[in-house]
Amino acid sequence: MTQQFDYDLVVIGAGSGGVRLSRMSAGRGARVAVVENRYLGGTCVNVGCVPKKLFVYGAHIHDELEDAAGYGWRLSTDHGQFDWPTLVANKNTEIERLNGIYRRLLEGAGVEIIEGTARLTDSHTLVVGDRVVTAERIAIATGGWPFLPNIPGKEYLLTSNEMFYLPQLPGEAVVWGGGYIAVEFAGILAGLGVRTTLIYRGDLFLRGFDDDVRQFVATEMRKKGVDLRFNVNIESVAPGERGYHLLLSDGSTLDTGLVMAATGRRPLTDGLGLDALGVAMDKQGYIQVNDDFQTSMPSVYALGDVIGTPQLTPVALAQAMVLSRRLYGDGQGSMDYKMIPTAVFCQPPIGTVGLTEAEARERTDNIKVFRTEFRPMKYTMSGRDERCLMKLVVDGDSDKVLGAHMVGADAGEIIQGLAVAIKAGATKADFDGTLGIHPTSAEEFVTMREPVAP
Ligand code: NDP
């Protein structure tokens, strides 16, 4: 490491990937600074995974209160009373606590935190306010930002960023989009008592997930009262009597109290000066990197949501650990993007790992599908009409389990465990030879004996 630069490594962006890269590299003896212009912890901690999950817990209590009656609990009001400002305030306190932990982790590792917006002026130099900083290596981990379609009234659209700080909850809301964020927020809003409509331009939301899962979630969300409208899009938004007046692509109109766009995210590279330096980006603006996370400018690296790999915190963390090890460790390690488990925290939630049935069928003709759906034990007494889906996709030749999919309570928790086995190459015979834990929902994953008819 050379003393000719102020730092060995300057990381731009203190989100999941940037913080992990900074800490690990400083721990290996590098002189590291991280530049951040917003909040420590990035999207995940501030306006993503963490506050979302807290809201999901809050929303799910609605179901718990309803289920209580069947178990003999008499509550003072039918559904209790919910106070949105309390949820937001307590969430904010928790996020501030996490911001503090991130600061202490960075400082404890010897990383200097530079507050401000960085602009690269050459391959080893960046400017932050009136400060010029040089580094042997620069790593960009600036993440992504919500994308809004360019429609009349775009300025009235809220994104997930604002939803986390909404002062009041309206009586009715429209969620626009059919990806992770749209279905998660539709579940949160509906659970908190908001009459919720989800508008998605395609035939069925959650494109890319197993088709059974998509259908199943649609059915369950409708049972919970979410008005799912597919094959329709929003053409314009204007102020209206109930808040906002929407014109839809089928010519119909809709009045609602709030419109949240969850129409995807884009890489956040504005102001970094990458164009001027000729750092290669793809058509959507994602920074292009090689397997070593090196951009077209060899001293500049990039990782996380800004490079267009799966936009998941554990992916950014793994990338950071690989990069740090390669730069300042034993030089080994590489990313493996196969079999990334994921969960969608809609209600009921989805957990999934590996190939969907359709993906598996594209690869080989000899596929066996094991599928079960049932009403979880808890709901038999509470009377809740909610079902659970479990599905295994198996290679008929090798007997290897190629994919596992679940919709139902704790799906993320259950699939995380199965993901270890499946990544390690477990066969259906291994699943069959594993005893269940009784009584659980998860035991169904090891007791499915007969494949569904092709
Ligand atoms: P997604 O890319 O998952 O979904 C975007 C949705 O918006 C799609 O349904 C897409 O439709 C639709 N859309 C895009 N452009 C338009 C348009 N012009 N008009 C109408 N609809 C449009 O993005 P999200 O914002 O939901 O999430 C971003 C990423 O963040 C996710 O992909 C995921 O990686 C990550 N994430 C992960 C979570 C988790 O792990 N639980 C939770 C939240 C986010 P179409 O399908 O037709 O393209």
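That block above? That's the structure.
Residues numbered from 1 in each chain as written. Predicted model: local features only at pLDDT ≥ 70, side-chain atom pairs only at ≥ 80, totals over all residues. Heavy atoms only, no water.

**Q** It is not clear to me how the overall build of the protein chain should be interpreted in this structure. Could you clarify?
**A** Scanning the protein chain from N- to C-terminus turns up 13 helices and 21 strands. Its C-alpha atoms give the protein chain a radius of gyration of 24 Å, within 12% of the compact-globule value 22 Å for 454 residues. Expressed along its principal axes, the backbone C-alpha trace of the protein chain runs to roughly 70 × 60 × 45 Å. Evaluated residue by residue, the protein chain yields a buried proportion of 49% over its 454 residues. When the accessible surface of the protein chain is summed, it comes to about 20800 Å², and 50% of that surface belongs to carbon and sulfur atoms. Separation between the mean location of the 44 positive side-chain charges and that of the 56 negative ones in the protein chain comes to 2 Å. (Helix = DSSP H or I, 4+ residues; strand = E, 2+ residues; numbered from the N terminus. Rg over C-alpha atoms; globule rule 2.2 N^0.38 Å. Buried < 20%, exposed > 50% of the residue type's maximum accessible area, 1.4 Å probe, protein only. Areas by Shrake-Rupley, 256 points an atom, 1.4 Å probe, with all protein chains shown as cover. Lys, Arg positive; Asp, Glu negative; His and termini not counted. Charge placed at Lys NZ, Arg CZ, Asp CG, Glu CD.)

**Q** Would you explain the pairing of strand E13 (residues 253-256) in this entry?
**A** Side chains of E13 alternate between two faces, with Leu254 and Thr256 buried and Thr253 and Asp255 left unburied. Of the pairings in the sheet, the one linking strand E12 (residues 243-248) to E13 comprises four bridges and is antiparallel in character. Considered in E13, the bridge of leucine 247 is made with threonine 253. Between the end of E12 and the start of E13, which pair antiparallel, lie four residues, with glycine 251 showing a positive phi angle near 90 degrees. (Pairing = 2+ DSSP bridges.)

**Q** Just to check I follow, could you spell out the site of the ligand for this structure?
**A** In the vicinity of the ligand lie 20 residues, with Gly178, Ile181, Tyr200, Arg207 and Ala343 positioned nearest. Taking glycine 178, its main chain carries an N or O atom lying 2.9 Å from an oxygen atom of the ligand. Within the backbone of alanine 262, an N or O atom sits 3.4 Å from an oxygen atom of the ligand. When the free accessible area of the ligand is taken as 910 Å², the share hidden by the protein chains comes to 78%. A total of three residues in the shell around the ligand trace back to one element, the largest contributor, which is helix H6 (residues 180-191). The residue inventory of the shell around the ligand, partitioned by class, reads nine nonpolar, six polar and five charged. (Near = heavy atom within 4 Å. Polar contact = N/O pair within 3.5 Å; in protein donor to acceptor, adjacent residues only side chain to side chain. Nonpolar A, V, L, I, M, F, W, Y, C, P; charged D, E, K, R; others polar.)

**Q** Is there a simple way to explain the sheet that holds strand E17 (residues 342-344) in this structure?
**A** Remark on secondary structure: sheet strands pair via backbone hydrogen bonds, oriented parallel or antiparallel. Ordered in space as E17-E18-E21-E20-E19, the five strands form an open sheet in which the pairing is antiparallel. Edge positions in the open sheet fall to E17 and strand E19 (367-374), since each of these has one partner strand only. Here the average twist between neighbouring strands, direction ignored, is 10 degrees. Relative to strand E21 (residues 401-407), strand E20 (residues 388-395) runs antiparallel, the two sharing six bridges. (Axes fitted to C-alpha atoms, helices over the stretch in contact; angles between N-to-C directions.)

**Q** Sorry if this is basic, but what is going on with the pairing of strand E6 (residues 131-140) here?
**A** Taken across its ten residues, E6 has seven buried, putting it largely inside the fold. Pairing of strand E1 (residues 7-12) with E6 involves five bridges; the strand directions are parallel. Considered in E6, the bridge of valine 11 is made with alanine 139. Where strand E5 (residues 125-128) and E6 come together, four bridges link them in antiparallel fashion. Looking across to E6, one finds that valine 127 is bridged to valine 132. Alignment of E6 against strand E16 (residues 300-302), held across three bridges, turns out to be parallel. Bridge pairing links isoleucine 140 to alanine 302 in E16.

**Q** Would you mind going over the packing of helix H1 (residues 16-27) against helix H9 (residues 313-328) with me for this structure?
**A** To describe two helices that pack against each other, one gives the angle between their axes and the distance between the axes. Contact geometry for H1 and H9: axes closest at 8 Å, N-to-C directions at 30 degrees. Considering the angle they form, H1 stands roughly parallel to H9. Regarding H1 and H9, the two cross each other, and that crossing is right-handed. Touching Ser16, Gly17, Arg20, Leu21, Met24 and Ser25 of H1 are Thr313, Ala316, Leu317, Ala320, Met321, Leu323, Ser324 and Tyr328, all from H9. Considering only residue class, the contact of H1 with H9 consists of eight nonpolar, five polar and one charged. (Parallel < 35°, antiparallel > 145°, perpendicular 65-115°, else oblique. Left-handed = near helix turned anticlockwise from the far one by under 90°. Contact = heavy atoms within 4.5 Å.)

**Q** Before we go on, may I ask you to explain the packing of aromatic side chains in this structure?
**A** Counting across every chain of the model gives seven aromatic pairs. Aromatic ring contacts, followed pair by pair, group Phe55, Trp84, Phe164 and Phe185 into a single cluster. The ring of tyrosine 379 has arginine 384 sitting right over it, with the charged end atom 5.9 Å from the ring centre. Seen from the ring of phenylalanine 370, lysine 428 lies directly overhead, with NZ or CZ sitting 4.2 Å from the centre. (Phe/Tyr/Trp six-rings, centres within 6.5 Å; stacked < 30°, edge-to-face > 60°. Lys NZ or Arg CZ within 6 Å of the ring centre and 35° of its normal.)

**Q** Just to check I follow, could you spell out the sheet that holds strand E8 (residues 172-176) for this structure?
**A** Across the sheet, four strands lie side by side as E10-E9-E8-E14; this open sheet has parallel pairing. Looking at strand neighbours, the two that pair on one side only are strand E10 (227-229) and strand E14 (259-261), the edges of this open sheet. On average, adjacent strands in this sheet sit at an angle of 20 degrees to one another, irrespective of strand direction. Summarising the sheet, E8 and E14 pair through three bridges and their orientation is parallel. Of the residues in E14, the one forming a bridge with tryptophan 176 is alanine 261. On the sheet, H6 packs against E8, strand E9 (195-199) and E14 and is oriented at approximately 165 degrees with respect to E9.

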